[in-house]
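# Analysis of the macromolecular model
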Amino acid sequence: MTRVSTVAPDGGYTFAYLDEQTKRMVRRAILKAVAIPGYQVPFASREMPLPFGWGTGGIQVTASIIGREDTLKVIDQGADDTVNAVSIRAFFARTAGVPTTTRTEDATIIQTRHRIPETPLRASQILVYQVPIPEPLRWLEPREAETRRMHALQEYGVMHVRLYEDIARYGHIATSYDYPVRVNGRYLMRPSPIPKFDNPKMDRSPALQLFGAGREKRIYAVPPHTEVRSLDFDDHPFEVQKWDQACALCGSTASFLDEIVTDNQGGRMFVCSDTDHCDARVLAGHVGSAAGDRDPGGA
Amino acid sequence: MACDDRPLLSARGLTRYYGRILGCRDVSFDIWPGEVLGIVGESGSGKTTVLKCISARLEPSAGTVTYDTRTDGPVDIHRVSEPSRRLLMRTDWGFVHQDPRDGLRMAVSAGANIGERLMAVGARHYGQIRETATSWLGKVEMDTGRMDDLPRTFSGGMQQRLQIARNLVTAPRIVFMDEPTGGLDVSVQARLLDLLRGLVSDLGLAAVVVTHDLAVTRLLSHRLLVMRHGTVVETGLTDQVLDDPQHPYTQLLVSSVLHP
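Note that this is a predicted model, so its numbers are computed, not measured.

## Describing the overall build of chain A
For chain A, the helix and strand inventory stands at seven helices and 13 strands. Its C-alpha atoms give chain A a radius of gyration of 20 Å, within 12% of the compact-globule value 19 Å for 299 residues. When contacts within chain A are restricted to residue pairs at least 6 apart in sequence, long-range pairs at least 24 apart make up 63% of them. On chain A, roughly 13,000 Å² of surface is accessible, and the fraction owed to carbon and sulfur atoms is 52%. Positive and negative charge centroids in chain A, built from 35 and 37 side chains respectively, lie 7 Å apart.

Printed below as a string of structure tokens:
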């Protein structure tokens, strides 16, 4: 099976759906976002042919940066074959006619919801995040004017109040996704609902990372090689999730695992959430405890 | 540099209009380090307007408020940059609201409420923050076992104590209190006043207490400002004003207190 596929584009659409003026507007916002790492730049978010909350921000960012020579990969919770990923991939295949892929290495643009690929990214790649709520202080401070002022004055103590509350209640920092980070020692940023397992991958990543929030009309960015530090306490340092099992399919002990219920008798297995990473390992000959249950490359 | 031979805070010619309506007019006074100033008067007399103006929560229409900072000496709090004003507000100053719900973060535990100011000024050690919070719960005579409970599970008096602890944790030099005992029953009021009096004298705090309750000022404040229709009608030592009121309005105010 070939991993890169090309579909003949539908006629009648502007390249990548958005009109050129809109793309210029979004690109201007992106440039500003890259210039001020972690700062949320407002932009005139457009109506897209799918509902807000399904990745309209990410799609608009992707549509504005994609070119004919790009190869697109879309993942949803690490998987290439879920509804959101399949639809968005098909959307760009039809409106832009660009080749799409499931292989992280082959992609130049990766639009993602909830994960960063396990395969380390390169300098020539761009990671586009779909962001539901861009404002890290939102549930702590309801007033938008006040959160902007807090960002301007770097009044971020209240975020530590939240982490304090976690430790007081659970004995450890229980926040496990959308874990707040400080970008370039300045702006507090919400990394979209990726697991905190992925936070260290953002730090000094050679790839450009763009974040688009369609409903909230914000774009922000982490430029390549920028410091991204997860907040913590001196005596409760930042830690990522660990599993006491390996992936049942590929035997990986270093990737983010999903727990999958397999029957009604309490049977369950842990498998890599990044399907491309898992498939590549299986093809390379790695085996897990449940090897053979799944046909490699059959995604 | 801050020193003891000049006032900690001085207000000069404070005037505030809400549109055409007068909030307060031409109010001037000084507060010295360690001094407790009471502002009394009936509802609508401008007490709270004055308090908000001197605590930088409200910009006066005219007049100045000068505060003697620890590092830079006297500054006009309505002229300094917003970051330094906000820093003052969360380190050097405290503000105790009448309704504890305005001053507390109701969705987080008592410990986090006390620790918030510490974290805002850069404390990043959970154990130390917790230790400080425990000791402050003790100082305001609360059960340290309720450290991890939400403020909404506390009684009104306890919420008010928590609010006080939360304000005092960064060792402020001046605390602004707006009817600190309003809405509490008399026995709880008495204990809270006792606590406040102890804290103020132990910590050498200056305080401005706005109240309509003359008994509260009698107990807490050293000096008194009597306001009516937005202006100060009488000022002096508390006992002197209350025992020998000169202005007809003050006489009326003093004589309207019931003596059971």
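## Regarding the interface of chain B and chain A
Counting residues at the interface gives 22 residues for chain B and 20 residues for chain A. Taken over both partners, the interface formed by chain B and chain A buries close to 1,800 Å², and the fraction arising from carbon and sulfur atoms is 59%. Among the residues chain B hides against chain A, the three largest losses belong to Arg86(B), Arg124(B) and Tyr126(B). Together they make up 40% of the total. Connecting chain B to chain A are four salt bridges. Linking chain B with chain A are 13 residue pairs in polar contact (both at pLDDT 80 or more). Elements with a minimum of two residues in the side of chain B that touches chain A: helix H2 (82-91), helix H4 (110-120) and helix H5 (126-139) of chain B. Of the residues that constitute the side of chain B that touches chain A, the class distribution is 10 nonpolar, four polar and eight charged.

## Some details on the packing of aromatic side chains
All names here are of chain A. Summed over all chains, the structure comprises 15 aromatic pairs over all chains. Ring plane angle 65° and centroid distance 4.9 Å describe the contact between Tyr179 and Phe238, whose orientation is recorded as edge-to-face. Residue Tyr179 is found in the loop between helix H5 (157-170) and strand E7 (181-183), and its partner Phe238 is found in the loop between strand E11 (228-230) and strand E12 (257-261); the two are separated by 59 residues along the sequence. You can call Tyr179 buried: its relative accessible area is 1%.

## With respect to the sheet that holds strand E8 (residues 206-211) of chain B
Residues and elements named next belong to chain B. Reading across the sheet, the six strands line up as E6-E7-E8-E3-E9-E10 and stay open at both edges, with mixed pairing between neighbours. In this open sheet, the two strands that pair with only one neighbour each are strand E6 (93-96) and strand E10 (231-237). Direction aside, the axes of adjacent strands within the sheet are offset by 15° on average. For strand E9 (residues 223-228) and E10, the ladder comprises six bridges, and the chain directions are antiparallel. In the strand pairing of E10, Leu224 is matched with Gly236. Lying over the sheet, helix H10 (residues 248-255) contacts strand E3 (36-40), E9 and E10, oriented at roughly 105° with respect to E9.

## Quick look at the sheet that holds strand E8 (residues 187-189) of chain A
Each strand in a sheet pairs with another by means of backbone hydrogen bonds, the pair being arranged parallel or else antiparallel. Residue and element names in this part refer to chain A. Reading across the sheet, the three strands line up as E8-E7-E11 and stay open at both edges, with antiparallel pairing between neighbours. In this open sheet, the two edge strands, each paired with only one partner strand, are E8 and E11. On average, each strand axis in the sheet is inclined to that of its neighbour by 35°, with strand direction left out of account. Strand direction decides the pairing type here: E7 and E8, joined by three bridges, are antiparallel. Considered in E8, the bridge of Arg182 is made with Leu188.

## Some remarks on the nonpolar core
The biggest cluster of nonpolar side chains holds 55 residues, and the ones touching the most others in it are Tyr164(A), Phe233(A), Ile114(B), Leu162(B) and Ile164(B). Here this core gets seven residues from one element, more than from any other, and that element is H5(A). Beyond its immediate stretch of four places on either side in the chain, Ile114(B) contacts Ala133(B), Trp136(B), Leu137(B), Leu162(B), Ala165(B), Arg166(B) and Val169(B). By size, the runner-up hydrophobic cluster in this structure holds 30 residues, among which are Met48(A), Ile66(A), Leu208(A) and Ile219(A).

## What to know about the environment of Thr91(B)
All names here are of chain B. The residue Thr91 is located in helix H2 in this model. When the C-alpha positions of Thr91 and Arg228 are compared, they lie 32 Å apart, and in sequence the two are 137 residues distant. Setting aside its immediate chain neighbours within four residues, Thr91 contacts Arg117, Val121, Thr170, Ala171 and Pro172.

## Describing the state of the cysteines
As enumerated under the stated definition, the model contains zero disulfides over all chains in all. With no disulfide of its own, Cys278(A) lies 3.7 Å from the sulfur of Cys247(A), the closest cysteine sulfur. Here Cys278(A) falls in the buried class, since its relative accessible area comes to 1%. Here Cys53(B) stays unpaired: no disulfide links it, and the sulfur of Cys24(B), its closest cysteine neighbor, is 5.0 Å away.

## Topic: empty space enclosed by the protein
Residue and element names in this part refer to chain B. For the structure on display, the rule yields two cavities of 30 Å³ or more. Around the largest cavity, the lining residues are Val96, Ile164, Asn167, Leu168, Val175, Met177, Leu196, Leu199, Val200 and Leu205. For the lining of the largest cavity, the elements supplying multiple residues, two or more each, are helix H6 (156-168), strand E7 (174-178) and helix H7 (186-203). Its residues assigned to classes, the lining of the largest cavity shows nine nonpolar, one polar and no charged. For the second largest cavity, the calculated volume is near 40 Å³. Together, Ser55, Arg57, Met89, Trp93, Gly94, Phe95, Arg117 and Phe176 line the second largest cavity. Residue contributions to the lining of the second largest cavity peak at three residues, all from E6.

## What about the packing of H5(A) against H5(B)?
Two elements in contact, H5(A) and H5(B), have axes whose closest approach is 11 Å; the angle formed by their N-to-C orientations is 80°. Between H5(A) and H5(B), the angle is such that the two are roughly perpendicular. Mapping the contact onto sequence places Tyr164(A), Ile167(A) and Ala168(A) in H5(A) and Tyr126(B), Ile129(B) and Arg130(B) in H5(B). Looking at the contact of H5(A) with H5(B) residue by residue, the class counts come to five nonpolar, no polar and one charged.

## Notes on the pattern of salt bridges
All names here are of chain B. All chains considered together, the criterion is met by 37 salt bridges over all chains. Between Arg173 and Asp92 there is a salt bridge, with the nearest N and O atoms lying 3.4 Å from each other. A residue pair is termed long-range when its members are at least 10 positions apart, and Arg173 in the loop between H6 and E7 and Asp92 in the loop between H2 and E6 qualify at 81 residues. By relative accessible area, Arg173 is classed as buried at 17%.

Rules behind the numbers
Residues numbered from 1 in each chain as written. Chains lettered and ligands numbered in written order. Predicted model: local features only at pLDDT ≥ 70, side-chain atom pairs only at ≥ 80, totals over all residues. Heavy atoms only, no water. Helix = DSSP H or I, 4+ residues; strand = E, 2+ residues; numbered from the N terminus. Rg over C-alpha atoms; globule rule 2.2 N^0.38 Å. Contact = heavy atoms within 4.5 Å. Areas by Shrake-Rupley, 256 points an atom, 1.4 Å probe, with all protein chains shown as cover. Lys, Arg positive; Asp, Glu negative; His and termini not counted. Charge placed at Lys NZ, Arg CZ, Asp CG, Glu CD. Buried area = accessible area lost by both parts, 1.4 Å probe. Salt bridge = Lys/Arg side-chain N within 4 Å of Asp/Glu carboxyl O. Polar contact = N/O pair within 3.5 Å; in protein donor to acceptor, adjacent residues only side chain to side chain. Nonpolar A, V, L, I, M, F, W, Y, C, P; charged D, E, K, R; others polar. Phe/Tyr/Trp six-rings, centres within 6.5 Å; stacked < 30°, edge-to-face > 60°. Buried < 20%, exposed > 50% of the residue type's maximum accessible area, 1.4 Å probe, protein only. Pairing = 2+ DSSP bridges. Axes fitted to C-alpha atoms, helices over the stretch in contact; angles between N-to-C directions. Core = buried A, V, L, I, M, F, W, Y, C linked by side-chain atoms within 4.5 Å. Disulfide = S-S within 2.5 Å. 1 Å grid on protein atoms, 1.4 Å probe; cavity = no way out; pocket = protein on both sides within 12 Å on 5 of 7 lines; lining within 4 Å. Points joined across faces, edges and corners; volume = space filled by probe spheres on them. Parallel < 35°, antiparallel > 145°, perpendicular 65-115°, else oblique.

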